[in-house]
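Read off the chains here:
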Amino acid sequence: MKKLFALFGNPVSHSRSPIMHNTVFKHLNYDATYIRINLEDGQKLRETFFSFGLSGANITVPHKEVAYKACDEVRGFAKIVGVVNTIINENGRLIGYNTDADGFMQAITEFGSINTILVIGAGGTAKALASRFIQDSIKVDVLNRSASNLKYFQNKVDNCYTWDNFKLKKYDLVVNTTSAGLKDENLPAPKELIDDILKNTSFVADAIYGKLTPFLKLAKKDGLTYKDGADMLLGQGILANELFVNKELKIQDIQKEMQKSFEL
Ligand code: NDP
């Protein structure tokens, strides 16, 4: 029987996930379709999942933390961060996973050895990435607009800063996990701060994909090596697809086909 998968989020119209997963299903003859579902009320995630008869789903902004609560069981790294981006229907039980952080780790392998990272932002993506970096013994500082969202990071990372008390130092990598620049032309922090930060880092990454954010435009102007969120998206997608097909397809084949979807 044909399996149905979906992306839940709000908005979802811009997402590349349907084309990524459908390309894999089509070219590897896996009998499944992936659709997008715009979900306004995150509390309705579970009932909507079942009403569509889904075999699995991805979850994007702003429902990843609600998704964690909607699951019957959460496995692996998602348990540590409380953030779920992939759900599998296992005999009527919803099992939650997080593939974002491992997807990001794959994306930055080309930067070589990274020992210190500044994470800008303190939302779901920041939590997942910072926790994953710590697992790899990377030193992490977090800089966020508001102090309230820094609580999660306080005994976990080396330093938590808001714009007012940030202390400049050198980093191997600075990553923007805020949504500043996604639908606007904002920088993730005041320009003077970003200018100083970019002068003191070797590499720059942005979780946002599909556009050169104002943050990356500055990095480019400064001649820095940078990457947008496309490889992170690809990385998390490959790992999610492997869960969707329950390892019935080879990860190398999934990777090859999903990579092709980025050229479409
Ligand atoms: P959240 O809503 O959980 O967090 C948003 C964060 O952005 C908060 O720290 C918030 O600060 C900050 N922020 C929002 N607007 C501004 C602004 N104008 N200036 C400064 N800071 C701001 O979002 P997520 O963590 O789920 O997602 C963040 C981004 O990452 C999105 O753009 C999303 O598209 C992208 N993403 C990309 C992925 C990929 O595969 N490439 C995967 C996952 C996410 P405050 O705490 O002060 O409100």
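Remember, predicted model here, so these are calculated numbers, not experimental data. (Residues numbered from 1 in each chain as written. Predicted model: local features only at pLDDT ≥ 70, side-chain atom pairs only at ≥ 80, totals over all residues. Heavy atoms only, no water.)

Looking only at helices and strands, the chain features 10 helices and 12 strands. When the backbone C-alpha atoms are referred to their principal axes, the chain occupies close to 55 × 35 × 35 Å. When each of the 264 residues of the chain is scored for burial, the buried share is 53%. Look at the contacts in the chain between residues 6 or more apart in sequence, and 62% of them connect residues 24 or more apart. The centroid of the 33 positive side-chain charges in the chain is displaced by 1 Å from the centroid of its 30 negative side-chain charges. (Helix = DSSP H or I, 4+ residues; strand = E, 2+ residues; numbered from the N terminus. Buried < 20%, exposed > 50% of the residue type's maximum accessible area, 1.4 Å probe, protein only. Contact = heavy atoms within 4.5 Å. Lys, Arg positive; Asp, Glu negative; His and termini not counted. Charge placed at Lys NZ, Arg CZ, Asp CG, Glu CD.)

Around the ligand there are 27 residues in total, and Thr125, Asn144, Ser146, Asn149 and Ala207 lie nearest to it. Between an oxygen atom of the ligand and a main-chain N or O atom of Gly123, the distance comes to 3.4 Å. In the model, an oxygen atom of the ligand is placed 3.4 Å from a nitrogen or oxygen of the Leu233 main chain. When the free accessible area of the ligand is taken as 930 Å², the share hidden by the protein chains comes to 84%. Mapping the ligand onto the cavity grids shows that it belongs to the largest pocket. Put simply, the parts of the chain that give the shell around the ligand at least two residues each are helix 6 (124–135) and helix 9 (230–244). When its residues are assigned to classes, the shell around the ligand shows 12 nonpolar, 12 polar and three charged. Counting only domains with at least three residues in the shell around the ligand, you end up with domain 1 (3–98 + 231–261) and domain 2 (102–228). (Near = heavy atom within 4 Å. Polar contact = N/O pair within 3.5 Å; in protein donor to acceptor, adjacent residues only side chain to side chain. Areas by Shrake-Rupley, 256 points an atom, 1.4 Å probe, with all protein chains shown as cover. 1 Å grid on protein atoms, 1.4 Å probe; cavity = no way out; pocket = protein on both sides within 12 Å on 5 of 7 lines; lining within 4 Å. Sits in = over half its atoms within 2 Å of the grid points. Nonpolar A, V, L, I, M, F, W, Y, C, P; charged D, E, K, R; others polar. Domains from an automatic or database assignment.)

The tally for this structure, following the rule as stated, stands at 18 salt bridges. Among the salt bridges present, the one from Asp31 reaches Lys2, with a minimum N-O distance of 3.4 Å. Within this pair, whereas Asp31 is found in the loop between helix 1 (17–27) and strand 2 (32–38), its partner Lys2 is found in the segment before strand 1 (3–9), the two being separated by 29 residues in sequence. The shortest N-O distance in the salt bridge between Lys260 and Glu257 comes to 3.3 Å. Of this pair, Lys260 and Glu257 both sit in helix 10 (residues 251–261), three residues apart, which is roughly one turn of that helix. In this structure, a network of salt bridges that share partners links the residues Glu73, Arg75, Glu90 and Arg93. (Salt bridge = Lys/Arg side-chain N within 4 Å of Asp/Glu carboxyl O.)

Bringing the sheet that holds strand 5 (residues 86–90) into the picture now. Within the open sheet, the six strands sit side by side as 2-1-3-5-6-4. Their pairing is mixed. The open sheet has two free edges, formed respectively by strand 2 and strand 4 (73–74), since each of these has just one partner strand. Each of strand 1, strand 2 and strand 3 (56–59) is contacted by helix 1, which is oriented at about 170° to strand 2, the strand it contacts most. Contacts from helix 9 reach strand 1, strand 2, strand 3, strand 5 and strand 6 (93–97) within the one sheet, and its direction differs from that of strand 5 by about 5°. (Pairing = 2+ DSSP bridges. Axes fitted to C-alpha atoms, helices over the stretch in contact; angles between N-to-C directions.)

This brings us to the domain arrangement of the chain. Partitioning the chain into structural domains gives domain 1 (3–98 + 231–261) and domain 2 (102–228). Listed by partner, the interface residues are 16 residues for domain 1 and 20 residues for domain 2. Surface buried jointly by domain 1 and domain 2 totals about 1,400 Å² across both partners, of which 63% is contributed by carbon and sulfur atoms. Among the residues domain 1 hides against domain 2, the three largest losses belong to Phe77, Asp231 and Met232. Together they make up 39% of the total. Inspection of the domain 1/domain 2 interface yields two salt bridges. One salt bridge connects Lys127 with Glu65, and the closest N-O pair in it is separated by 3.4 Å. Put simply, domain 1 and domain 2 have two residue pairs in polar contact (both at pLDDT 80 or more) between them. Elements supplying a minimum of two residues to the side of domain 1 that touches domain 2: helix 4 (77–81) and helix 9. For the side of domain 1 that touches domain 2, the element with the highest residue contribution is helix 9, accounting for six residues. (Buried area = accessible area lost by both parts, 1.4 Å probe.)

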